[in-house]
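If you want the building blocks of each chain, they are given just below.
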Amino acid sequence: MKLIIPIILLLAAGDLAVAQSVPLPRPRPVAAAVEEPTTSEVAPPSACRLRLTAALATAPSLPPITGPGECGAPDVVRLEAVVLPDQSRVAIVPPAILRCTMAEAIVGWVREEAAPRALDLGSSLKTIANLASFDCRGRNRIAGAKLSEHGKGNALDIRSLKLTDGKVVELTDPQVPKDFREGLRQSVCARFITVLGPGSDGYHEDHVHVDLAERRGGYRICEWNVREPGEAPAVADTLPLPVPLPRARPFAARSALEIPEMPAPANGSGRRPAR
């Protein structure tokens, strides 16, 4: 028995030595902590976004638009519908991609002007036909022209209104009661900076363009001829405005290198031969 105990101790010591000699795997490096953005780093909603609530419109926010080129818009929303005071909805078809301030102006106009005026036609307003909202292009789609307000998300082209009884009311149709169209014209010209319709430049004969362009001195444009039934538009109204050409370069001062004047013909008539 005395011999067994030392043997057991000897074996245990050998096992311990073997265990200590087996290399252990290296500890894994601690992953760098990923810093979550703090609340202060997230851009707060704009004042416009706070005003444009679900009680007024269905207008989810979109990321800012950057490019291509000069095009872009901050604080963008997709205006899908306007909520009227009676909780009925006026759909924007298709939804308009606009900067928030432009969308807010459209919402106010629909709630306070377009929808109440539509009732004079015997039915409530159901839909507004959006011909164009954000669109990265030059004015009137002319290559090389100045950037359109559409390229800034700051304009909307409206073709027509649709009523709940199915009637479609085109804003430029002379058959639509003139008082109704004139009322709409006055309402958009009071609310928007630019209004272009029939008679403006030849590019807006079948729709009305509204925008919130920024101009020096608060200069406004309201060009929409409300025509009588059967009234033919003036030719000048239907022709697109010409694209301005660059100014002519000044003539260089005469020099000795200029081609000399041709001598008068020998017949003494003073006239030069025709070319």
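These numbers were taken from a predicted model, which means no experiment stands behind them. (Residues numbered from 1 in each chain as written. Predicted model: local features only at pLDDT ≥ 70, side-chain atom pairs only at ≥ 80, totals over all residues. Heavy atoms only, no water.)

(A) Inspection of the nonpolar core at higher detail. Among the nonpolar cores identified, the biggest contains 43 residues, and Leu79 and Leu125 are the most heavily contacted of them. Element by element, the count of residues in this core is highest for helix 3 (residues 100-118), at eleven residues. Those residues within four positions of Leu79 in sequence are excluded, and the remaining contacts are Ala57, Thr58, Ala59, Ile92, Pro95, Ala96, Leu98, Ala103, Ile106 and Val107. (Core = buried A, V, L, I, M, F, W, Y, C linked by side-chain atoms within 4.5 Å. Buried < 20%, exposed > 50% of the residue type's maximum accessible area, 1.4 Å probe, protein only. Helix = DSSP H or I, 4+ residues; strand = E, 2+ residues; numbered from the N terminus. Contact = heavy atoms within 4.5 Å.)

(B) View of the layout of surface pockets. If you add up the space inside the second largest pocket, you get close to 180 Å³. Taken together, 13 residues form the lining of the second largest pocket, with Leu84, Asp86, Ser88, Ala115 and Ser124 sitting closest to its centre. Among the elements of the structure, helix 3 and strand 7 (125-132) are those that each provide at least two residues to the lining of the second largest pocket. A per-element tally of the lining of the second largest pocket places helix 3 first, with three residues. Here the lining of the second largest pocket is built from residues that sort into six nonpolar, three polar and four charged. (1 Å grid on protein atoms, 1.4 Å probe; cavity = no way out; pocket = protein on both sides within 12 Å on 5 of 7 lines; lining within 4 Å. Points joined across faces, edges and corners; volume = space filled by probe spheres on them. Nonpolar A, V, L, I, M, F, W, Y, C, P; charged D, E, K, R; others polar.)

(C) Region of interest: the state of the cysteines. What the rule picks out here adds up to three disulfides. Each sulfur in the disulfide pair Cys71 and Cys136 lies 1.9 Å from the other. The S-S bond linking Cys71 to Cys136 shows a torsion near 90°; that makes this disulfide right-handed. With Cys71 in the loop between strand 3 (65-66) and strand 4 (72-73) and Cys136 in the loop between strand 7 and strand 8 (155-163), the pair connects residues that are 65 residues apart, well separated along the chain. For Cys136, a relative accessible area of 32% translates into the label partly exposed. (Disulfide = S-S within 2.5 Å.)

(D) Here's a closer look at the environment of Pro95. Take Pro95: it is sitting in strand 6 (residues 89-99). In this structure, the C-alpha to C-alpha distance between Pro95 and Ala129, residues 34 residues apart in sequence, is 9.2 Å. Non-local contacts of Pro95, meaning those with residues more than four positions away in its chain, are made with Arg78, Leu79, Glu80 and Asn130.

(E) Expanded view of helix 3. For helix 3, with 19 residues, the first-to-last C-alpha span of 25 Å sits near the 27 Å given by 1.5 Å per residue. Where helix 3 bends most, at Val110, the angle is about 45°. Taken together, the buried positions of helix 3 are occupied by Cys100, Met102, Ala103, Ala105, Ile106, Val107, Gly108, Trp109, Val110, Ala114, Ala115 and Ala118. (Expected span 1.5 Å × (residues − 1). Bend = angle between axes of the 7 residues up to and from the residue.)

(F) Looking closely at the confidence of the model for the protein chain. On average, residues of the protein chain score 80 in pLDDT, and 69% of them are at 70 or above. Scored below 50 in pLDDT, residues 31-40 makes zero contacts in the model with residues more than four places away or belonging to other chains. Residue range residues 251-275 is modelled with pLDDT below 50. Its contacts to residues more than four positions away, or to other chains, number five contacts. (pLDDT = per-residue confidence, 0-100.)

(G) Inspection of the pattern of salt bridges at higher detail. The final tally for this structure, using the stated rule, is ten salt bridges. Note that Arg191 is salt-bridged to Glu112, the shortest N-O span being 2.9 Å. With Arg191 in helix 4 (residues 178-191) and Glu112 in helix 3, the pair connects residues that are 79 residues apart, well separated along the chain. Residue Arg191 is classed as partly exposed on the basis of its relative accessible area, which comes to 27%. (Salt bridge = Lys/Arg side-chain N within 4 Å of Asp/Glu carboxyl O.)

(H) Main features of the pairing of strand 6. Here strand 5 (residues 76-83) runs beside strand 6; their pairing, made up of seven bridges, is antiparallel. Looking at the pairing, Ala81 lines up with Ala91 of strand 6. A loop of five residues connects strand 5 with strand 6, the two strands running antiparallel in sequence, and Gln87 in this loop sits at a positive phi of about 75°. By the bridge criterion, three bridges tie strand 6 to strand 7 in an arrangement that is parallel. (Pairing = 2+ DSSP bridges.)

(I) Structural context of helix 4. Helix length check: helix 4 (14 residues) gives 20 Å between terminal C-alpha atoms against 20 Å at 1.5 Å per residue, within 8%. Burial in helix 4 covers these residues: Phe180, Arg181, Gly183, Leu184, Ser187, Val188 and Cys189. Buried-residue contacts for helix 4 involve helix 3, strand 8, strand 9 (168-170), strand 10 (194-196), strand 11 (208-211) and strand 12 (221-223).

(J) Here's a closer look at the side chain of Ser133. One can find Ser133 in the loop between strand 7 and strand 8. Given the relative accessible area of 7%, Ser133 is considered buried. Here Ile97 takes part through its backbone nitrogen, which lies 3.1 Å from a polar atom of the side chain of Ser133. Non-local contacts of Ser133, meaning those with residues more than four positions away in its chain, are made with Ala96, Ile97, Leu98, His150, Ala155 and Leu156. (Polar contact = N/O pair within 3.5 Å; in protein donor to acceptor, adjacent residues only side chain to side chain.)

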